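A structural walkthrough
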Number of protein chains: 2
Amino acid sequence: MSVTIYDVAKKANVSMATVSRVINGNTNVKPITRQKVLDAIEELGFRPNAVARGLASRKTTSVGVIIPDVANLFIADLARGIEDIATMYKYHIILSSSDQQKTKEIDLFYNMLEKQVDGIIFMGTTITDEHIEAFKKANIPVILAATIAESEELASVNIDYYQAIQDAIQFIEEKSKGDIGFVTSPLNNRSNEIRKQSFVDAMKKSGKSDAELEKLIFNSDDTYDSGIQASHYFLGLEEKPETILVSSDELALGVIHGLQDEGLKVPEDIAVVGFDNTRLATMVRPTLTTVMQPMYDIGAVSMRLLTKLLQGEQVEEKQVTLPHRIIERDSTK
Amino acid sequence: MSVTIYDVAKKANVSMATVSRVINGNTNVKPITRQKVLDAIEELGFRPNAVARGLASRKTTSVGVIIPDVANLFIADLARGIEDIATMYKYHIILSSSDQQKTKEIDLFYNMLEKQVDGIIFMGTTITDEHIEAFKKANIPVILAATIAESEELASVNIDYYQAIQDAIQFIEEKSKGDIGFVTSPLNNRSNEIRKQSFVDAMKKSGKSDAELEKLIFNSDDTYDSGIQASHYFLGLEEKPETILVSSDELALGVIHGLQDEGLKVPEDIAVVGFDNTRLATMVRPTLTTVMQPMYDIGAVSMRLLTKLLQGEQVEEKQVTLPHRIIERDSTK
DNA sequence: TTTACTCATTCAAACGATTCAATAGATAAC
DNA sequence: GTTATCTATTGAATCGTTTGAATGAGTAAA
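Calculation criteria
- Residues numbered from 1 in each chain as written.
- Chains lettered and ligands numbered in written order.
- Predicted model: local features only at pLDDT ≥ 70, side-chain atom pairs only at ≥ 80, totals over all residues.
- Heavy atoms only, no water.
- Helix = DSSP H or I, 4+ residues; strand = E, 2+ residues; numbered from the N terminus.
- Rg over C-alpha atoms; globule rule 2.2 N^0.38 Å.
- Buried < 20%, exposed > 50% of the residue type's maximum accessible area, 1.4 Å probe, protein only.
- Lys, Arg positive; Asp, Glu negative; His and termini not counted.
- Charge placed at Lys NZ, Arg CZ, Asp CG, Glu CD.
- Contact = heavy atoms within 4.5 Å.
- Buried area = accessible area lost by both parts, 1.4 Å probe.
- Salt bridge = Lys/Arg side-chain N within 4 Å of Asp/Glu carboxyl O.
- Polar contact = N/O pair within 3.5 Å; in protein donor to acceptor, adjacent residues only side chain to side chain.
- Nonpolar A, V, L, I, M, F, W, Y, C, P; charged D, E, K, R; others polar.
- Near = heavy atom within 4 Å.
- Least-squares fit on C-alpha atoms with pLDDT ≥ 70 in both.
- Pairing = 2+ DSSP bridges.
- Axes fitted to C-alpha atoms, helices over the stretch in contact; angles between N-to-C directions.
- Expected span 1.5 Å × (residues − 1).

Describing the overall build of chain A
Assigned secondary structure in chain A consists of 13 helices and 12 strands. For 333 residues, the compact-globule estimate of 2.2 N^0.38 gives 20 Å, and the C-alpha radius of gyration of chain A, at 25 Å, exceeds that figure by more than 25%. With the C-alpha coordinates aligned to their principal axes, the bounding extent of chain A is approximately 85 × 40 × 35 Å. Expressed as a percentage of its 333 residues, the buried residues of chain A come to 55%. Across chain A, the 36 positively charged side chains and the 48 negatively charged ones have centroids separated by 11 Å.

Rendered as structure tokens:
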């Protein structure tokens, strides 16, 4: 049926081993032989069967990528970062969305192991013992991308979420003395939990009581619509915050539009600060001041880290923290 | 090292063939034997090696997906549709972005063949002879998703782009007698070309001269920023259009904001109609009237079609046209 | 009882590469 | 001239499954 290494060997009058060595760019092949083989390959239109290769070499040059949802703008950016570096290092990507469901995350993980991927990049919600067990059972490197694990042993690439929120609050407080409202993303996600905690700590430090604090927090489900709901919530308060700090950009757009729909002006009446710096941030009026979380870079660095691990390169630190920063636009004054 | 089918066979006191038959849910296994094998599998924590399976069975249960760019909101939706159906039918997805570069598209295609994918879903720009040659050389089914090919032989899933624009124009003309401006997406993409042609035909039919027509068209590169440029362009015309019809939603947001930045009101001064109906359409003020192109569905239907082809199911029609429709929101009056 | 069939199971040959030990030929060292 | 050292190449086992042919046991038909 299809052309195999055997056919090439026959045509070039050499052994399969030699053909294999030519394909793999191995030395110890006489230039003249190499050329003979190359000619035969060309002539037959031979393309090595990656599955057979994978079986024989125990390397598939594919990596598994498990993310919550490709269709999420923010996450797709991560995927793209991974992909670009993977392509650069000649890896293929097997991609799956977990929809933040723990069982699905774990199932997908084992499925990818069956596929004999060389490594896995995982973005998920909270890392449980079950996750860790699965990761350990796998004899391949696993990188957590934009995902927090308490365990020191797991390789990961993140930003410092706690500090990011602290910085955002400091940024806000430099501009305005009023209250700050906070819209969380779902707290089944460790990094969202950390952001909330960071907010809580900061507010307590500036003397807010538990009761006051509670009013300043709106728990959302991370959608545009719940951003709108959040805005209604804050407008319903007796003491409205002067600034609303929001856990994601999409949510922030919802908040902004919710406020505008009620006739308020952003940032004059209420300022809004987002989180992520997705492309959405510039696609809204006023443009959104936001905390940059460089998802593309997180993906790229994760994949690069993975290639290092796969190729046995020295890795100084398995837990990478990428810088964040506040990007000031027009939704704050 | 890892547990193989051989270990299971030994433990259960049966042959590898029997274990294989159990794994594959084959009949002709006595219940009692099946249970013995299942127990052994459980006990040893056996997981079949998909690579070995792939080699032996010549089926990998993975499909290749080639798309212009995962990080594009609109395209990621397609990917998600593909993925959901793939998961349902137990296929894995190998995903790659081509950045609309023809050589990359073709390289990726051949790479996926090397990986022995069972089928490929392809979204690209213009299908050239080179593409068709590659598709034919592959002995596996290929589905074009949201991608036009003139050839009748290729399986594909699309909407009727020509008609969609005709409908949009009719919709606009029912509301307003003024000129219609048109913002194209890059014309290296066949479907964009068709949309433009559709617009041109309609305008000619209503008596526009070539000179008039030319002024009404702005060629963009399909980004938010070029949407802004488009708005400036139209504002610079002596006779400004009353409505601007735009080839994508992201572009349309750019147009809307560009107009608003200049102090115009949408839709009072100028109405805007988008194309795609991405989530962006509701994430802007005014919300965007747009032509729905159901990318998720296109992905899902493509994948379903592929499974049919792979499983030898009867397929009535290899070229599927999905319905489109105009979704009226607030950017038109 | 013999023959013919099923049904359950085993045997062993693929699948298409990689890889390591073995070998032959050429070159260098003594 | 013999031995040692490289270099280029081959042979064959191996990777972990699937799968079709072969086998054997049990049952139904004659």
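Still to come is the rest of the account.
A look at the interface of chain B and chain A
At the interface, 49 residues of chain B touch 49 residues of chain A. Carbon and sulfur atoms supply 56% of the area that chain B and chain A bury against each other, a total of about 4,400 Å² over both sides. Looking at the side of chain B facing chain A, the largest losses of area belong to K115, M283 and R285 of chain B, adding up to 15% of the total buried there. At the boundary of chain B and chain A, one finds 10 salt bridges. Notably, a salt bridge pairs R279 of chain B with E250 of chain A, separated by 2.5 Å at the nearest N-O pair. Across the contact surface, chain B and chain A share 25 residue pairs in polar contact (both at pLDDT 80 or more). Those elements giving two or more residues to the side of chain B that touches chain A turn out to be α4 (50-57), α5 (73-88), β2 (92-97), α6 (102-114), α11 (224-236) and α12 (249-261) of chain B. Element by element, the count of residues in the side of chain B that touches chain A is highest for β2 of chain B, at 6 residues. Here the residues of the side of chain B that touches chain A are counted per class, giving 22 nonpolar, 14 polar and 13 charged.

Let's talk about the protein's contact with DNA strand D
If you check the shell around DNA strand D, you find 27 residues, and the closest are R21 and T33 of chain A together with I5, M16 and S20 of chain B. For DNA strand D, the backbone portion of the atoms within 4 Å of the protein, that is sugar and phosphate, comes to 66%. Between N28 of chain A and DNA strand D, the recorded distance is 3.3 Å, taken from a side-chain N or O atom to a phosphate oxygen. One nitrogen or oxygen atom from the main chain of N49 of chain B is found 3.1 Å from a phosphate oxygen belonging to DNA strand D. Those elements that provide at least two residues to the surface near DNA strand D are α2 (16-23) and α4 (50-57) of chain A together with α2 (16-23) and α4 of chain B. If you tally residues by element for the surface near DNA strand D, the top one is α4 of chain B, at 4 residues. Of the residues assigned to the surface near DNA strand D, the class counts are 12 nonpolar, 10 polar and 5 charged.

A word on the relation of the copies chain B and chain A
With an RMSD of 0.1 Å, chain B superimposes on chain A once it is rotated by 180 degrees and translated 0.0 Å along the axis. On the angle and the small slide along the axis, the relation comes out as a two-fold axis. Distance from the rotation axis, computed per C-alpha, reaches its smallest value in chain B at I94 of chain B: 2.3 Å.

Remarks on the sheet that holds strand β10 (residues 289-292) of chain A
Residue and element names in this part refer to chain A. Read from one edge of the open sheet, 6 strands run β7-β6-β8-β9-β10-β12, paired in mixed fashion. The open sheet has two free edges, formed respectively by β7 (217-219) and β12 (325-327), since each of these has just one partner strand. Each adjacent strand pair in this sheet contributes to an overall mean axis angle of 20 degrees, direction not counted. Relative to strand β9 (residues 271-276), strand β8 (residues 243-246) runs parallel, the two sharing 3 bridges. Counted as the bridge partner of I244 is V272 from β9. Packed onto the sheet, helix α9 (residues 190-205) meets β6 (180-184), β7 and β9 and runs at close to 160 degrees relative to β6. Against the sheet, helix α12 (residues 249-261) engages β6, β8, β9 and β10, with an angle of about 160 degrees to β9.

So, the pattern of salt bridges
Enumeration according to the criterion identifies 34 salt bridges over all chains in this entry. For the salt bridge of D261 of chain B with R285 of chain A, the shortest nitrogen-to-oxygen distance reads 2.6 Å. Of the two residues, D261 of chain B is situated in helix α12 and R285 of chain A in the loop between β9 and β10; the pairing between them involves two chains. Judged by its relative accessible area of 46%, D261 of chain B is partly exposed.

Details of the protein's contact with DNA strand C
Surveying the vicinity of DNA strand C reveals 26 residues, the closest of which are I5, S20 and N49 of chain A together with R21 and T33 of chain B. R21 of chain B places a polar side-chain atom, nitrogen or oxygen, 3.4 Å from a base oxygen of DNA strand C. In this structure, a base oxygen belonging to DNA strand C sits 3.3 Å away from a main-chain N or O atom of A56 of chain B. Taken together, the elements giving at least two residues each to the surface near DNA strand C come down to α2 and α4 of chain A together with α2 and α4 of chain B. Taken together, the residues of the surface near DNA strand C sort by class into 12 nonpolar, 10 polar and 4 charged.

Overview of α6 of chain B
Residue and element names in this part refer to chain B. Taking 1.5 Å per residue as the helical rise, α6 with its 13 residues ought to reach 18 Å, and the 19 Å between its terminal C-alpha atoms agrees with that figure. When we look at burial in α6, the residues that qualify are E105, I106, L108, F109, Y110, M112, L113 and E114. Backbone geometry just after α6 places Q116 at a positive phi near 65 degrees.

Focus on the environment of H324 of chain B
Residue and element names in this part refer to chain B. Structurally, H324 can be placed in the loop between β11 (319-322) and β12 (325-327). When the C-alpha atoms of H324 and N158 are compared, they prove to be 9.7 Å apart, with 166 residues separating the residues in sequence. In this structure H324 touches I159, D160, Q163, A164, D167 and M292, once residues within four positions along its chain are discounted. At 2.7 Å, the side chain of H324 and the side chain of D167 are in polar contact.

So, the sheet that holds strand β7 (residues 217-219) of chain B
Residues and elements named next belong to chain B. Taking strand neighbours across the sheet as the criterion, the 6 strands line up as β7-β6-β8-β9-β10-β12 in an open arrangement whose pairing is mixed. Each having just a single partner strand, β7 and β12 make up the two edges of the open sheet. Each neighbouring strand pair of the sheet contributes to a mean axis angle of 20 degrees, computed without reference to strand direction. Seen against the sheet, helix α8 (residues 161-175) touches β6 (180-184), β8 (243-246), β9 (271-276), β10 (289-292) and β12 and runs at an angle of roughly 165 degrees to β8.

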